[in-house]
Amino acid sequence: MHSYDVIVVGGGVIGGAISYYLSKQGVRVLAVEQRTLGYGASSKAAGMLAVEAEYQPDHPLYDLAMESRRQLKELAQLFLDELGIDIGFEQNGMLLLGSKGSLTLEDMRELEPKLRTKEAGVHYEEGAQIRSKQLTLAYWRAAIANGVEVLEQTDVKRLLMKEGRVCGIETSSQKFYADTVIVASGVASSELLPGLCPLLPVKGEIISVTTEKRLLQRTIYARDCYLVPKGENELLIGATSYPGDGTEGVSLEGVMGLLARATALVPELAKAKWNETWSGVRPRTFDDLPYIGRHPEIQGLVMATGHYRNGMLLSAITGQLVSDLVWNNRVPEALAPVSPERRGVVEHGLAY
Ligand SMILES: Cc1cc2nc3c(=O)[nH]c(=O)nc-3n(C[C@H](O)[C@H](O)[C@H](O)COP(=O)(O)OP(=O)(O)OC[C@H]3O[C@@H](n4cnc5c(N)ncnc54)[C@H](O)[C@@H]3O)c2cc1C
């Protein structure tokens, strides 16, 4: 019989972060991924750690997101030293365009000479970013180095139950047993947990272009478009948003809209060279807060999904808190707002 302490379903950034933090505590973990590690949304993200653009200071995720960004900075150094993986952490700031801005147009021109906008803005010096594929890979490499076993190209068909509690998983060919199963399968989590994990797929598209030299110093975050400079020569233009769409593929409509908005903000972008486009599907919950924690009724089941637009940003804190919850049985107060027990989950589960 194949048995482990914990089984993690899903090879994205969330499954990777959880496996990594569990492995640091010596937990015997099996991770199962339908395709290849990082295949899902986690390799499609722009990689912004945009706390200030996403959450107001009184938002339930604000402090967690701040802490996660701080941890990612430390992890960047650790992954570089121990694995030789550069996750591209850069604390280069973010210019948030919008009506509440305190900067004058002259201030903004000084910060970003190539930017053309009539909107006021706010400059957040703490704004940071990582490279999504590299971060996801780094968590998994570190977890594997610590002894986590990974099965790729393996579809988890269902959870195994015994006397009302989860005791393992069944794939197309085998059964694996564990006291705890963590579902971190991104938008597909709702298929594995029908009625228990209501999620809306929200497809997004991104364009990557190459510029001769760096056009922007920091991320520009506007209402309908963001521009993220990556290193000296790459720039990401993102992202479209199609609620209810879980399909793959990039549409001309999406690309044309993004290009129009991006070149209106930075006209010189029109001279950039085409690099590539891609799409991914964000897992959105009914109240935009992820589901992180033990299921209230099904013992042995832990959920860690629904990170919507901020899975990269929240990965470190999710990994750490879930590992603490599972292995040390600590339920931090901070997890209360994201608990799968909160009001509305059941009602939305029935409706989806
Ligand atoms: C266009 C776009 C831009 C984004 N930009 C940002 C950003 O700038 N900053 C940020 O923080 N976040 C961003 N995000 C959000 C971020 O990408 C997601 O929140 C995050 O990747 C979710 O990670 P995950 O591990 O939960 O899901 P995923 O990465 O989707 O991983 C889930 C994995 O589970 C596997 N799986 C599913 N079902 C099964 C099964 N039955 N058996 C086995 N395996 C299974 C899938 O194959 C997949 O690999 C963006 C997302 C998109 C689409």
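Residues numbered from 1 in each chain as written. Predicted model: local features only at pLDDT ≥ 70, side-chain atom pairs only at ≥ 80, totals over all residues. Heavy atoms only, no water.

Naming follows an unreviewed UniProt entry, where the chain appears as FAD-dependent oxidoreductase of Paenalkalicoccus suaedae.

1. Details of the layout of surface pockets
Put simply, the test is: Cavities and pockets were defined on a 1 Å grid built over protein atoms only: a cavity is a set of grid points that admits a 1.4 Å probe from which the probe cannot escape, a pocket is an open set flanked by protein on both sides within 12 Å along at least five of seven lines, and lining residues are those with an atom within 4 Å of any such point. Grid points are joined across faces, edges and corners, and a volume is the space filled by probe spheres set on the points. The secondary structure listing takes helices from DSSP runs of H or I that are at least 4 residues long and strands from runs of E that are at least 2 residues long, numbered from the N terminus. Only Asp, Glu, Lys and Arg are considered charged, only Ala, Val, Leu, Ile, Met, Phe, Trp, Tyr, Cys and Pro nonpolar, and every remaining residue, Gly among them, polar.
Of the voids in this model, the second largest pocket is the one considered here, and its volume is about 340 Å³. Lining the second largest pocket are 17 residues, and of these Glu52, Gln56, Leu96, Lys100 and Tyr124 lie nearest its centre. Among the secondary structure elements, those contributing two or more residues to the lining of the second largest pocket are helix H2 (51-54), strand S4 (94-97) and strand S5 (121-124). Tallied by class, residues from the lining of the second largest pocket come to 10 nonpolar, 4 polar and 3 charged.

2. Some thoughts on the pattern of salt bridges
Keep this limit in mind: Each reported salt bridge corresponds to a side-chain nitrogen of Lys or Arg within 4 Å of a carboxyl oxygen of Asp or Glu. Remark: exposure states derive from per-residue accessible area (1.4 Å probe, protein chains only) relative to the maximum for the residue type, with buried under 20%, exposed over 50%, and partly exposed in between.
Within the structure shown, the criterion is met by 14 salt bridges. For the salt bridge of Arg309 with Glu54, the shortest nitrogen-to-oxygen distance reads 3.0 Å. Note that Arg309 is positioned in the loop between strand S18 (301-305) and helix H8 (311-327) and Glu54 in helix H2, a separation of 255 residues in sequence. Residue classification places Glu54 among the buried positions, given a relative accessible area of 17%. Among the salt bridges present, the one from Asp287 reaches Arg342, with a minimum N-O distance of 2.7 Å. Here Arg342 lies in the loop between H8 and helix H9 (345-351) and Asp287 lies in the loop between strand S16 (273-284) and strand S17 (291-294), a separation of 55 residues in the sequence. Judged by relative accessible area, Asp287 falls into the partly exposed class, the value being 28%.

3. Focus: H8
Because each turn of an α-helix spans 3.6 residues, side chains separated by three or four positions in sequence point in the same direction. Rule in force here: Expected helix span is given by 1.5 Å per residue-to-residue step, counting one fewer step than there are residues. The angle between axes fitted to the seven-residue stretch ending at a residue and the seven-residue stretch beginning at it gives the bend at that residue.
A rise of 1.5 Å per residue sets the reference length of H8, with its 17 residues, at 24 Å; its end C-alpha atoms lie 22 Å apart and thus fit the reference within 8%. Taken as a whole, H8 carries its principal kink of about 35° at Ile317. Positive backbone phi, approximately 55°, marks Asn329, located one or two places after H8.

4. Digging into the domain arrangement of the chain
Rules: Domain segmentation is taken from an automatic or database assignment of domains. For this analysis, residues touch if any pair of their heavy atoms sits within 4.5 Å. Throughout, the accessible surface (probe 1.4 Å) given up by two parts as they are put together, summed over both, is called the buried area. Two N or O atoms form a polar contact when they lie within 3.5 Å of each other; inside protein one atom must be a possible hydrogen donor and the other a possible acceptor, and for residues adjacent in sequence the pair counts only when both atoms belong to side chains.
Each assigned domain of the chain is listed with its residue range as follows: domain 1 (1-91 + 127-199 + 285-352) and domain 2 (93-125 + 200-282). One C-alpha centre belongs to domain 1, the other to domain 2; they are set 28 Å apart. Listed as interface residues are 24 residues of domain 1 and, on the opposing side, 26 residues of domain 2. Buried surface at the junction of domain 1 and domain 2, both sides included, amounts to about 2000 Å², of which 54% is carbon and sulfur. It is Lys44, Met48 and Tyr308 in domain 1 that bury the most area against domain 2; as a group they hold 24% of the surface buried on that side. Glu90 serves as the salt-bridge partner of Arg214, at 3.2 Å between the closest nitrogen and oxygen. Scanning the region where domain 1 abuts domain 2 turns up 12 residue pairs in polar contact (both at pLDDT 80 or more).

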